[in-house]
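Coordinate analysis (summary)
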Amino acid sequence: MATSKIFINLPVADLEASKAFFTALGYTINPLFTDENAASVVMSDSIYAMLLVKPFFATFTDKSLIDPKSEVQVLNCLVLDSRNEVDEWAEKALAAGGAEPRTTQDYGFMYTRDIEDLDGHIWEVTWMDPEVAKNGPPAMSSGRPTGRT
């Protein structure tokens, strides 16, 4: 069974500010799935971010919500087509009020910038050499871990 779409559900403190942040990045809001409690951000034909005000988000789980400004539960990674696109996306996010909690990670075959949105959710924007994406990172053949060092 193949998955055709992904909806990333995120709790937000200020829905209007969050909508403005994501539209500043060039994404659109789907009005059919947007009201005072939620907004559907269309990131691509198959990726959507559902921004849910915290009290509404809490109705979907029995677990406690974390504060993404001080704790992390997930890293959302968006793969772009070039290093330049990574930098452009990150600069737009910073101009819209985002923060960059880490320095740029450049592994030669992969280039990543981490951006926090207004609520502290981390968005990794990444470029990966197409040959590496097809055949796996060089570190795998040398027995070294492929994670960040």
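Residues numbered from 1 in each chain as written. Predicted model: local features only at pLDDT ≥ 70, side-chain atom pairs only at ≥ 80, totals over all residues. Heavy atoms only, no water.

Looking at an unreviewed UniProt entry, the protein chain carries the name VOC domain-containing protein, with the source organism given as Cryobacterium roopkundense.

Quick notes on the sheet that holds strand E6 (residues 105-106)
To keep it simple, the criterion reads: Only when DSSP finds a minimum of two bridges between them are two strands counted as paired. Helix numbers and strand numbers start at the N terminus; a helix is a DSSP run of H or I with at least 4 residues, a strand a run of E with at least 2. In what follows, residue pairs with any heavy atoms lying within 4.5 Å of each other are defined as contacts. Under this scheme, a helix contributes an axis fitted over its contacting stretch, all axes are lines through C-alpha atoms, and angles between N-to-C directions fall in the 0 to 180 degree range.
Read across the sheet, four strands follow the order E5-E8-E7-E6 without closing on themselves; strand pairing throughout is mixed. Of all strands in the sheet, those with a lone pairing partner are strand E5 (75-79) and E6, marking the two edges. Pairing analysis gives two bridges linking E6 to strand E7 (residues 110-116), with the strands arranged antiparallel. Considered in E7, the bridge of Asp106 is made with Tyr111. Strands E5, E6, E7 and strand E8 (122-128) of the sheet are contacted by helix H3 (residues 83-95), whose axis makes an angle of about 10 degrees with E7.

Here we look at the sheet that holds strand E2 (residues 28-30)
The strand order across the open sheet formed by four strands is E1-E4-E3-E2, and the pairing between neighbours is mixed. Because the sheet does not close on itself, it has two edges, and the strands there are strand E1 (6-12) and E2. Neighbour to neighbour, the strand axes of the sheet diverge by 30 degrees on average, direction disregarded. Across the sheet, helix H1 (residues 15-24) touches E1, E2, strand E3 (38-42) and strand E4 (47-53), and the angle it forms with E4 is around 160 degrees.

Describing the domain arrangement of the protein chain
The following threshold applies: The domain limits used here are those given by an automatic or database domain assignment. A quick way to say it: buried area is the sum, across both parts, of accessible area lost when two parts are put together, with a 1.4 Å probe. Note on definitions: salt bridges are taken to be side-chain nitrogens of Lys or Arg within 4 Å of carboxyl oxygens of Asp or Glu. By the criterion applied in these results, polar contacts are pairs of N or O atoms within 3.5 Å in which, for protein atoms, one can donate a hydrogen and the other can accept it, and in which residues neighboring in sequence qualify only through two side-chain atoms.
Annotation of the protein chain at the domain level lists domain 1 (1-59) and domain 2 (71-138). Contacts between domain 1 and domain 2 engage 14 residues on the former and 14 residues on the latter. Of the roughly 1200 Å² buried where domain 1 meets domain 2, counting both sides, 73% is carbon and sulfur surface. Put simply, domain 1 and domain 2 have zero salt bridges between them. Counting the contacts that link domain 1 with domain 2 gives four residue pairs in polar contact (both at pLDDT 80 or more).

Focus on the nonpolar core
Heads up, the condition is: Among buried residues, the Ala, Val, Leu, Ile, Met, Phe, Trp, Tyr and Cys ones that are joined through side-chain atoms within 4.5 Å form a nonpolar core. Only protein chains enter the accessibility calculation, which uses a 1.4 Å probe; a residue whose area is less than 20% of its type maximum is buried, one above 50% is exposed, and one in between is partly exposed.
Membership of the largest hydrophobic core comes to 25 residues, with the highest contact counts inside it found for Phe22, Tyr27, Met43, Leu51, Trp89 and Trp123. Of all the elements in the fold, those that place two or more residues in this core are E1, H1, E3, E4, H3, E7 and E8. In terms of residue count, the dominant contributor to this core is H3 (four residues).

Re H3
Convention followed: Each helix should span, by expectation, one fewer than its residue count multiplied by 1.5 Å. Arc, as used here, means the arc of the directions from the helix axis to the C-beta atoms.
In this model H3 runs 18 Å from its N-terminal to its C-terminal C-alpha over 13 residues, within 8% of the 18 Å that 1.5 Å per residue would give. When we look at burial in H3, the residues that qualify are Val86, Trp89, Ala90 and Ala93. End-on view of H3: buried residues confined to an arc of 95 degrees, all on one side of the axis. Taken together, the buried residues of H3 touch H1, E5, E7 and E8. Following H3 by one or two positions, Gly97 adopts a phi angle in the positive range, close to 110 degrees.

Focus: the packing of aromatic side chains
Short version of the rule: Two rings belonging to Phe, Tyr or Trp (six-membered ring only in the last case) form a pair when the distance between their centres is within 6.5 Å. Interplanar angles under 30 degrees mark stacking, angles over 60 mark edge-to-face geometry, and anything in between is tilted.
For the coordinates displayed, the defined rule picks out five aromatic pairs. Aromatic pair Phe21 and Phe22: ring centres 5.1 Å apart, planes at 85 degrees, arrangement edge-to-face. This pair shows no difference in class: Phe21 is buried, exactly as Phe22 is. Seen from their ring centres, Phe22 and Trp123 are 5.8 Å apart, and the 75 degrees between their planes marks the pair as edge-to-face. Remark: Trp123 occurs in strand E8 and Phe22 occurs in helix H1; sequence separation between them is 101 residues. Trp123 carries the same exposure label as Phe22, and that label is buried. One aromatic cluster is present, formed by Phe21, Phe22 and Trp123 through successive ring pairs.

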